Amino acid sequence: MMRIWPGKSYPLGATYDGAGTNFALFSEVASKVELCLFDANGNEQKFPLPERTGYVWHGYLPAIDPGQRYGYRVHGPWEPEKGLRCNPHKLLIDPYARAIEGHPKWDEAVYPYRFGQKEDLVLNGADSAPFMPRSVVTSPYFDWSDDRPPRHPWHETVVYEVHVKGFTQRHPDVPEEQRGKYAGLASPAAIQHLRSLGVTAVELLPIHQFVHSQHLQDKGLRNYWGYDTIGFFAPHNEYASRGQRGEQVQEFKAMVKALHQADIEVFLDVVYNHTSEGNHLGPMLSFKGIDNTAYYRTVADNPHFYMDYTGTGNSLNMRQPYVLQLLMDSLRYWVQEMHVDGFRFDLAATLARGLHEVDRLSAFFDLIQQDPVVSRVKLIAEPWDVGEGGYQVGNFPPQWSEWNGKYRDTVRDYWRGQDSLLGEFANRFTGSSDLYASTGRRPYASINFVTAHDGFTLRDLVSYNEKHNEANKEDNKDGESHNRSWNSGAEGRWIRGIPPRPDGGRRR
């Protein structure tokens with residue numbers, strides 16, 4: 001049997017050094033941590049991590065190379081009413097996994113509790129490994145040659161929000177095998193189109209590994225947008241031409257290199273405010289089984305339940321040092337190893353929450369301010385969340401830019417002829433000094449936009465008064481209802497001179 005060596009507590013995750021791989025996992029609550037290696041047939045070999053330094057469990061295995069599939073099992077207390085949810089029957093994704101292979105298969109086994117018995121209090125002893133994705137050891141080596149960040153100044157930056165799959169899936173000039181993939185976005189046809197628009201930066205909708213939740217798959221649907229992260233270091237595997245054994249990392253790097261050669265920056269839309277494990281009734285995929293009360297904000301006087309500032313069931317615990325380290329390590333990884341040029345932070349007000357209120361000088365923003373790597377790239381906040389006091393446009397630190405929702409709303413209202421808006425429109429169009437000047441920020445602190453992935457597209461904005469999301473099978477209840485749109489007198493799109501149907505249905 002292979003012998004595991006003590007290894008090192010830093011860095012966290014699986015680190016290949018050319019001769020073997022070091023494994024390190026944080027858990028304050030664990031009594032034992034097992035590293036689980038899987039071969040191509042799914043056979044599992046377990047190695048108890050032999051050392052613990054502080055709260056980091058670690059071990060080193062020689063001759064473990066890139067492409068090795070692995071996961072963890074964490075032993076510890078099962079007391080859900082106290083927020084303690086360790087269950088060694090559940091295979092867990094490494095929070096620091098650089099690549100993830102596969103997706104959860106929704107079986108009762110991936111849930112830590114038994115269905116139909118005292119809510120979520122009875123431990124589920126079924127093995128989840130047959131239904132779980134695998135973490136993958138990756139190679140850190142890549143030929144970046146003369147890659148350089150374009151570094152366009154903010155006042156010359158034109159940001160184009162792009163969905164990696166949607167942008168190229170039906171593009172006739174992108175090779176078929178590259179459509180919907182990172183390679184497709186790096187293809188000459190895609191890059192030529194971006195350059196023809198005058199784009200200086202692409203802002204990629206979430207490409208961190210995300211989950212297709214059970215409630216969507218039960219309806220025959222999938223998570224198109226990606227706002228349900230489970231791996232903060234891993235490029236989403238479905239966007240890779242070959243998403244097996246870590247190949248997605250190399251393909252993502254090649255995409256960034258090609259875009260940089262075309263003088264186009266790459267920003268990531270990142271979702272650090274919650275994960276895809278949901279609330280107390282959600283599945284156990286990673287953080288929940290590693291150290292639940294460390295990773296998640298729980299209700300102060302009832303840790304059985306989660307604080308939810310995002311509408312997704314949970315919120316990450318920004319008061320915990322190892323959670324802050326996870327986020328900062330992730331950001332630095334994407335800058336230093338993957339060469340991205342900036343980030344747009346989803347529901348960024350959630351990241352600023354200390355105890356309850358939004359605090360502009362919270363620990364997360366302090367860490368970014370002093371970080372020599374992350375503080376030097378472009379930082380964009382979506383300056384709101386769904387909690388009380390969550391609308392924070394104009395209140396982020398000086399080095400940040402913000403999605404300016406007031407600009408969006410004012411321009412839409414002005415276009416559709418709302419009364420008494422000329423002064424407000426002029427204020428927004430000239431830089432929104434009322435929001436940014438008091439902290440010394442220049443007009444480029446305002447990311448001015450009219451449409452994005454939220455609500456109507458630009459074409460819908462001039463075609464519909466009401467939303468029509470029937471295809472999502474949620475009775476048209478999902479999505480933003482107040483879009484400040486105008487149908488010009490007829491509900492629906494005009495296509496090739498043909499008026500919309502009288503029932504207002506969409507033509508496709």
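Take the layout of surface pockets next. In this structure, the second largest pocket occupies an estimated 420 Å³ of space. Taken together, 18 residues make up the lining of the second largest pocket; nearest its centre are Pro11, Thr15, Arg98, Tyr333 and Glu337. Elements with a contribution of two residues or more to the lining of the second largest pocket: strand 1 (13-16) and helix 7 (321-336). At four residues, the largest contribution of residues to the lining of the second largest pocket is made by helix 7.

Glancing now at helix 3 (residues 188-197). Taken together, the buried positions of helix 3 are occupied by Ala189, Ala190, Ile191 and Leu194. In this fold, the buried residues of helix 3 make contact with strand 12 (159-162), helix 1 (164-168), helix 2 (182-185), strand 13 (201-204) and helix 5 (247-261). Backbone geometry just downstream of helix 3 places Gly198 in the positive-phi region, at approximately 80 degrees.

Let us look at the environment of Leu12. Tracing the backbone shows Leu12 in the segment before strand 1. Not counting chain neighbours up to four residues away, the residues in contact with Leu12 comprise Ala24, Leu25, Phe26, Val56, Tyr96, Arg98 and Gln325.

It is worth spelling out unusual backbone geometry at this point. In this chain, Tyr10 is followed by Pro11 through a cis amide linkage whose omega measures 0 degrees. Secondary-structure assignment places Pro11 in the segment before strand 1. Backbone geometry at Lys118 places phi at a positive 50 degrees, although glycine is not the residue there. Tracing the chain through its elements places Lys118 in the loop between strand 10 (99-101) and strand 11 (134-136). Residue class for Lys118 comes out exposed when judged on its relative accessible area of 66%. A positive phi angle is found at His339, which is not glycine, with a value near 65 degrees.

Looking now at the pairing of strand 19 (residues 342-345). Alternating residues of strand 19 divide into Gly342 and Arg344 and Phe343 and Phe345, and every residue in both groups is buried. The sheet contact formed by strand 16 (residues 265-270) and strand 19 spans four bridges and is parallel. Residue pairing for strand 19: Phe267 is matched across the bridge by Gly342. When strand 19 meets strand 20 (residues 378-381), the two strands line up parallel, connected through four bridges. When the sheet's bridge partners are listed, Phe343 is paired in strand 20 with Leu379.

Moving on to helix 7. The terminal C-alpha atoms of helix 7, which comprises 16 residues, lie 22 Å apart, in line with the 22 Å expected from a rise of 1.5 Å per residue. Looking at helix 7, one finds that the buried residues are Val323, Leu324, Leu326, Leu327, Met328, Asp329, Ser330, Leu331, Tyr333, Trp334 and Val335. The N-cap of helix 7, judged by a side-chain oxygen 2.6 Å from the amide nitrogen of Tyr322 a few residues on, is Gln320.

Taken in spatial order, the four strands line up as 1-2-6-5 in an open sheet, and their pairing is antiparallel. Because the sheet does not close on itself, it has two edges, and the strands there are strand 1 and strand 5 (51-53). Mean inter-strand twist for the sheet, computed between neighbouring axes without regard to direction, equals 25 degrees. Relative to strand 2 (residues 20-26), strand 1 runs antiparallel, the two sharing four bridges. In the sheet register, Gly13 faces strand 2, and the bridge partner there is Ala24.

A few words now on the nonpolar core. By size, the foremost hydrophobic cluster in this structure holds 110 residues, and its most contacted members are Phe23, Leu204, Phe252, Phe343 and Phe345. It is helix 7 that provides the largest number of residues to this core, a total of nine residues. Setting aside residues up to four positions removed in sequence, Leu204 forms contacts with Val162, Val164, Leu185, Phe252, Met255, Val266, Phe267, Leu268 and Asp269. Membership of the second largest hydrophobic core comes to 14 residues, among which are Leu347, Val393, Tyr436 and Ala452.

Let us look at the pattern of salt bridges. In total, this model carries 20 salt bridges according to the counting rule given. Arg69 is paired through a salt bridge with Glu101; the nearest N and O atoms lie 2.8 Å apart. Of the two residues, Arg69 is situated in strand 7 (residues 69-75) and Glu101 in strand 10; the sequence distance between them amounts to 32 residues. Residue classification places Arg69 among the buried residues on the basis of a relative accessible area of 14%. When the shortest N-O distance is used, the salt bridge between Glu238 and Arg222 registers 2.3 Å. Here Arg222 lies in the loop between helix 4 (214-217) and strand 15 (229-235) and Glu238 lies in the loop between strand 15 and helix 5, a separation of 16 residues in the sequence.

Here is the key point about a regular strand: its side chains alternate between the two faces of the sheet. Residue alternation in strand 13 divides its side chains into two sets, Ala201 and Glu203 and Val202 and Leu204, and both sets are buried. Where strand 12 meets strand 13, four bridges bridge the pair, whose relative direction is parallel. Opposite Tyr160, over in strand 13, you have Val202 as the bridge partner.

The next subject is the environment of Ser463. Tracing the chain through its elements places Ser463 in the segment after helix 13 (458-461). Remark: the alpha-carbon pair of Ser463 and Gly492, spanning 29 residues in sequence, is separated by 5.1 Å. Sequence-distant contacts of Ser463, defined by excluding residues within four places in its chain, comprise Trp486, Asn487, Ala490, Glu491, Gly492 and Arg493. A polar atom in the side chain of Ser463 sits 2.7 Å from the backbone oxygen of Arg459.

So, about the packing of aromatic side chains. A complete count under the given rule lists 38 aromatic pairs for this structure. Look at Tyr160 and Phe167: their rings are 6.2 Å apart centre to centre, the planes differ by 75 degrees, and that puts the pair in the edge-to-face class. Accessibility expressed as a relative area gives 29% for Tyr160, which makes it partly exposed. In this structure, Arg134 packs its charged tip against the face of Phe38, placed 3.9 Å from the ring centre. The ring of Trp403 carries the charged tip of Arg344 above its face, separated from the ring centre by 4.1 Å.

Criteria and thresholds
Throughout, a residue's number is its position along its own chain's written sequence, starting from 1. Given that the model is predicted, a residue must reach a pLDDT of at least 70 before its local features are reported, and side-chain atom pairs must reach 80 or more before they are shown or counted; all residues, however, enter totals for whole chains, interfaces and linings. For side-chain calculations, the full set of non-hydrogen atoms in the structure is used, while hydrogens and water are omitted. Cavities and pockets are found on a 1 Å grid laid over the protein atoms alone: a cavity is a set of points where a 1.4 Å probe fits but cannot escape, a pocket is an open set with protein on both sides within 12 Å along at least five of seven lines, and a lining residue has an atom within 4 Å of such a point. Grid points are joined across faces, edges and corners, and a volume is the space filled by probe spheres set on the points. Here a helix means four or more residues in a row that DSSP labels H or I, a strand means two or more in a row labelled E, and each is numbered from the N terminus. Each residue's exposure class comes from its accessible area (1.4 Å probe, protein chains only) as a fraction of the maximum for that residue type: buried when under 20%, exposed when over 50%, partly exposed otherwise. Contacts between residues were defined by any pair of non-hydrogen atoms, one from each residue, lying within 4.5 Å. We call two strands paired when DSSP finds no fewer than two bridges between them. In this scheme, a helix's expected span is set at 1.5 Å multiplied by one less than its residue total. Pairing of N or O atoms within 3.5 Å defines a polar contact, subject to two protein rules: one partner must be a possible hydrogen donor and the other a possible acceptor, and residues neighboring in sequence count only if both atoms are side-chain atoms. Working convention: axes come from line fits to C-alpha atoms, limited for helices to the stretch in contact. Angles between N-to-C directions cover 0 to 180 degrees. Working definition of a nonpolar core: buried Ala, Val, Leu, Ile, Met, Phe, Trp, Tyr and Cys residues. They are joined through side-chain atoms within 4.5 Å. Any carboxyl oxygen of Asp or Glu that lies within 4 Å of a side-chain nitrogen of Lys or Arg is treated as forming a salt bridge with it. Working definition: a ring pair exists when centres of Phe, Tyr or Trp rings (six-membered ring for Trp) sit within 6.5 Å. Plane angles under 30 degrees give stacked, over 60 give edge-to-face, the rest tilted. Think of it as a cone above the ring: NZ of Lys or CZ of Arg counts as a charge over the ring if it is within 6 Å of the ring centre and within 35 degrees of the ring normal.

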